[in-house]
Amino acid sequence: ARPYMAELAFVGDGAKSYQVWLGGSPVLTRTAYPFISKMDTDKLEETMEPILAMFIQQRQEFEAFGDFCHRLGADAIQAYADSYTPGSVKA
């Protein structure tokens, strides 16, 4: 059950395929939610870049990644990812 407590978790579900879970609490008081049910390993960077870019742009001061994902929710993160241009956000 530990992966489901993580702020970000990749759970193997087959050869070269992972589930992506987001939003667990950094102090282990909230479980993550399933964001993607099957992500091919070849799509890792394409999948994660918009999520991390959104975190860079929209996080609150001192907000942990899991808290950020929980606050915004899967629908808002997916909407951002759908409109994201790769490489448009720099840390």
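For the structure, see preceding data.
Quantities reported herein were computed from a predicted structural model and do not represent experimental measurements.

(A) Spatial organisation of the side chain of Arg 30. Locating Arg 30 in the fold gives a position in the loop between strand E2 (17-22) and strand E3 (33-40). Looking at Arg 30, its side chain comes within polar contact range of the main-chain oxygen of Gly 23, at 2.7 Å. Look past the residues within four positions of Arg 30 in its chain and what remains in contact with it is Met 5, Gly 23, Gly 24, Ser 25, Gly 66, Asp 67 and His 70.

(B) Region of interest: the pairing of strand E1 (residues 8-14). When E1 meets E2, the two strands line up antiparallel, connected through six bridges. Bridge pairing in E2 links Ala 9 to Trp 21. Between the antiparallel neighbours E1 and E2 lie two residues, among them Lys 16 with a positive phi of about 60°.

(C) The arrangement of the nonpolar core in detail. Val 20, Leu 22, Phe 35, Ile 51, Cys 69 and Ile 77 are the most contacted members of the largest nonpolar core, which has 18 residues in total. At the level of elements, E2, E3, helix H1 (44-58) and helix H2 (65-83) are the ones that each hand at least two residues to this core.

(D) Quick peek at the packing of aromatic side chains. For the coordinates displayed, the defined rule picks out four aromatic pairs. Ring centres of Phe 55 and Phe 68 lie 5.2 Å apart, and the angle between their planes is 70°; on these two criteria the pair is classed as edge-to-face. Taken together, the residues Phe 55 in helix H1 and Phe 68 in helix H2 connect sequence positions 13 residues apart. Among the residues examined, Phe 55 registers a relative accessible area of 15% and is labelled buried. In this structure Phe 68 comes out as buried when scored by relative accessible area, which is 0%. Connected via pairs of aromatic rings, a cluster forms that spans Phe 55, Phe 65 and Phe 68.

(E) Layout of the sheet that holds E1. The strand order across the open sheet built from three strands is E1-E2-E3, with neighbouring strands paired in antiparallel fashion. Both outer strands of the open sheet, E1 and E3, are each paired with one neighbouring strand and no more. Strand-to-strand twist of the sheet, defined as the mean angle between neighbouring strand axes without regard to direction, takes the value 25°. Against the sheet, H1 engages E1, E2 and E3, with an angle of about 150° to E3. With respect to the sheet, H2 is in contact with E1, E2 and E3, its orientation differing from that of E3 by roughly 65°.

Definitions and cut-offs
All residue numbers refer to position in the chain's written sequence, counted from 1. A pLDDT threshold of at least 70 governs which residues receive local features in this predicted model, and a stricter bar of 80 or more applies before side-chain atom pairs are shown or counted, although totals over entire chains, interfaces and linings include all residues. Excluded from the side-chain calculation are hydrogens and water; included are all heavy atoms of the structure. Secondary structure elements follow DSSP: runs of H or I of four or more residues count as helices, runs of E of two or more count as strands, with numbering from the N terminus. For the purposes of these results, a polar contact is taken to be a pair of N or O atoms within 3.5 Å, where, inside protein, one atom must be able to donate a hydrogen and its partner to accept one; residues adjacent in sequence count only when each atom of the pair is a side-chain atom. Whether two residues touch is decided by their heavy atoms; if any such pair falls within 4.5 Å, the residues are in contact. A pair of strands is labelled paired if DSSP reports no fewer than 2 bridges between them. To form a nonpolar core, buried Ala, Val, Leu, Ile, Met, Phe, Trp, Tyr and Cys residues must be joined to one another through side-chain atoms within 4.5 Å. Remark: exposure states derive from per-residue accessible area (1.4 Å probe, protein chains only) relative to the maximum for the residue type, with buried under 20%, exposed over 50%, and partly exposed in between. Each Phe, Tyr or Trp ring, with Trp reduced to its six-membered ring, pairs with another whose centre is within 6.5 Å; inter-plane angles below 30 degrees give stacked pairs, above 60 give edge-to-face pairs, and intermediate values give tilted ones. Orientation is described by axes fitted as lines to C-alpha atoms, over the contacting stretch for helices, and by angles from 0 to 180 degrees between their N-to-C directions.

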